[in-house]
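Chain residues, written in single-letter form:
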Amino acid sequence: MTATLRTLPALVEAGLLEAERLPALERVAAQYAVAITPAMAELMGEPGVARQFLPDVAELTVLPGEDADPIGDLTHMPVEGIVHRYPDRVLLKVTHTCAVYCRFCFRREMVGPTGDVPALSPQALDAAVAYIAGRPEIWEVILTGGDPLVLSPRRLRDIMGRLAKIEHVKVIRLHTRVPAVDPAAVTDELVAALKVPVKAVYVALHANHAAELTPAARAACARLVDAGIPMVGQTVLLRGVNDDPAVLDALLRAMVETRIKPYYLHHGDLARGASHLRTTLAEGQAVMRELRGRLSGLAQPTYVLDIPGGHGKVPVGPDYLGHDGQVEDPDGTLHPYPPRP
């Protein structure tokens, strides 16, 4: 297979869906974009990968509290393409296209052919860059979308160069799935486009299962890291994908082995039609508690919740402080602190 699968018939032809399921899934595909790259199609035998990308009729079930904009991007969008939720950093949404479309995505109604325009217009990009340039409190710019690494090296070079000219911007971060889902796209030309000598550039890789970090994906990440671009990892806690401590353990170890520092474990957002993939906070805390005693601190992400409505991201990991001046160790035993004579 050499082309990305973008339709239900293409998924059937590739042997990833049964033909009899098409009528039930047509409403799903009409509402939410479908795309599975060749690299991910090869991994569909792993349920923890297939569940992330194959459409499911469960996506038509919308629960109370679910929202088209679950983390409140639109309430913090002063100009098109900019989300300014925190004082010192902004999101710059340069494209509405992704290499793959995840069934749990919190921007699933804004990306892909069923969502917005494919990318910011030249005029909108000018206005977004001017917004950043006019606010000296902005220390970090996070390129997102969509997935910024679906853009050509030429376009990335232009955007990075324009941000590099803004003196008060010190850090540029790119959020992407591309090194894992389309590793061949991470060419030397693309890596060179991301390098700007006057800024600190980071790449945050979104991966949810160890199977995604294939040899080709690890080689793509190595091209970035060897070029001097540090990488961090972002993961979404997903029911039936990685809500088992052993599965998450394998992913986090694979990230560290690939020279990616696990950064965030996101609790599933209240995206419409994603309840079948969402855990409870208590389940997430239990997973994190088990990982605390078995994983190096280097491999420990921060478990976070994006508060619905745009109120920001907060850590929601387990609490190890007990009552009466006691602290709990990873095995569940309480100890006085400070130690008593």
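Scroll up to find the structure this text is about.
Residues numbered from 1 in each chain as written. Predicted model: local features only at pLDDT ≥ 70, side-chain atom pairs only at ≥ 80, totals over all residues. Heavy atoms only, no water.

Enquirer: Looking at this structure, how should I read the packing of helix 10 (residues 245–257) against helix 11 (residues 281–292)?
Expert: Geometry of a packed helix pair, given as the angle between the helix axes and the separation of the axes. It is at 10 Å that the axes of helix 10 and helix 11 come closest, and there the two elements cross at 60°. With respect to helix 11, the axis of helix 10 lies oblique. Pair helix 10 / helix 11 crosses with right-handed handedness. On the side of helix 10, the interface is formed by Pro245, Leu248, Asp249 and Leu252, while helix 11 contributes Val287, Glu290 and Leu291. In terms of residue class, the contact of helix 10 with helix 11 is built from 5 nonpolar, no polar and 2 charged. (Axes fitted to C-alpha atoms, helices over the stretch in contact; angles between N-to-C directions. Helix = DSSP H or I, 4+ residues; strand = E, 2+ residues; numbered from the N terminus. Parallel < 35°, antiparallel > 145°, perpendicular 65-115°, else oblique. Left-handed = near helix turned anticlockwise from the far one by under 90°. Contact = heavy atoms within 4.5 Å. Nonpolar A, V, L, I, M, F, W, Y, C, P; charged D, E, K, R; others polar.)

Enquirer: When you look at the packing of aromatic side chains in this model, what are you seeing that I'm missing?
Expert: Centre-to-centre distance and the angle between the planes together describe a pair of aromatic rings. In total, this model carries 1 aromatic pair according to the counting rule given. Ring centres of Tyr263 and Tyr264 lie 4.1 Å apart, and the angle between their planes is 20°; this geometry places the pair in the stacked category. By relative accessible area, Tyr263 is classed as partly exposed at 28%. The aromatic ring of Tyr32 is capped on one face by Arg108, whose charged end is 3.5 Å from the ring centroid. Lying over the aromatic face of Tyr320, Arg289 brings its terminal NZ or CZ to 4.7 Å of the ring centre. (Phe/Tyr/Trp six-rings, centres within 6.5 Å; stacked < 30°, edge-to-face > 60°. Buried < 20%, exposed > 50% of the residue type's maximum accessible area, 1.4 Å probe, protein only. Lys NZ or Arg CZ within 6 Å of the ring centre and 35° of its normal.)

Enquirer: Sorry if this is basic, but what is going on with the sheet that holds strand 9 (residues 312–315) here?
Expert: In a beta sheet, neighbouring strands are held together by backbone hydrogen bonds and run either parallel or antiparallel to one another. Pairing in this open sheet of 9 strands is mixed, and the strands run 1-2-3-4-5-6-7-8-9 from one edge to the other. Each having just a single partner strand, strand 1 (82–86) and strand 9 make up the two edges of the open sheet. Averaged over neighbouring strand pairs, the angle between their axes works out to 30° when direction is ignored. In this structure, strand 7 (residues 260–266) lies alongside strand 8 (residues 302–307), joined through 3 bridges in parallel fashion. (Pairing = 2+ DSSP bridges.)

Enquirer: Looking at this model, I keep getting lost on the side chain of Glu212. Mind explaining?
Expert: Tracing the backbone shows Glu212 in the loop between strand 5 (200–206) and helix 9 (215–226). Judged by relative accessible area, which is 0%, Glu212 ranks as buried. A polar atom in the side chain of Glu212 sits 3.0 Å from the side chain of Gln52. A polar contact of 2.9 Å, which involves the side chain of Glu212, links it to the backbone nitrogen of Asn208. With near-sequence residues (within four places) excluded, Glu212 lies in contact with Met40, Leu43, Val49, Gln52, Arg177, Ala180, His206, Ala207 and Ala217. (Polar contact = N/O pair within 3.5 Å; in protein donor to acceptor, adjacent residues only side chain to side chain.)

Enquirer: Is there a simple way to explain helix 5 (residues 122–133) in this structure?
Expert: Between its first and last C-alpha, helix 5 extends 16 Å over 12 residues, near the 16 Å set by a 1.5 Å rise per residue. Of all the positions in helix 5, only Ala124, Leu125, Ala128, Val129, Tyr131 and Ile132 are classed as buried. Summarising the axial view, the buried residues of helix 5 lie within an arc of 155°, below the 170-degree limit, and thus occupy one face. In this structure, helix 5 carries Pro122 and Gln123 as exposed residues pointing more than 90 degrees from its buried face. Buried positions along helix 5 lie against strand 1, strand 2 (89–93), strand 3 (140–144) and helix 6 (153–164). (Expected span 1.5 Å × (residues − 1). Arc of directions from axis to C-beta.)

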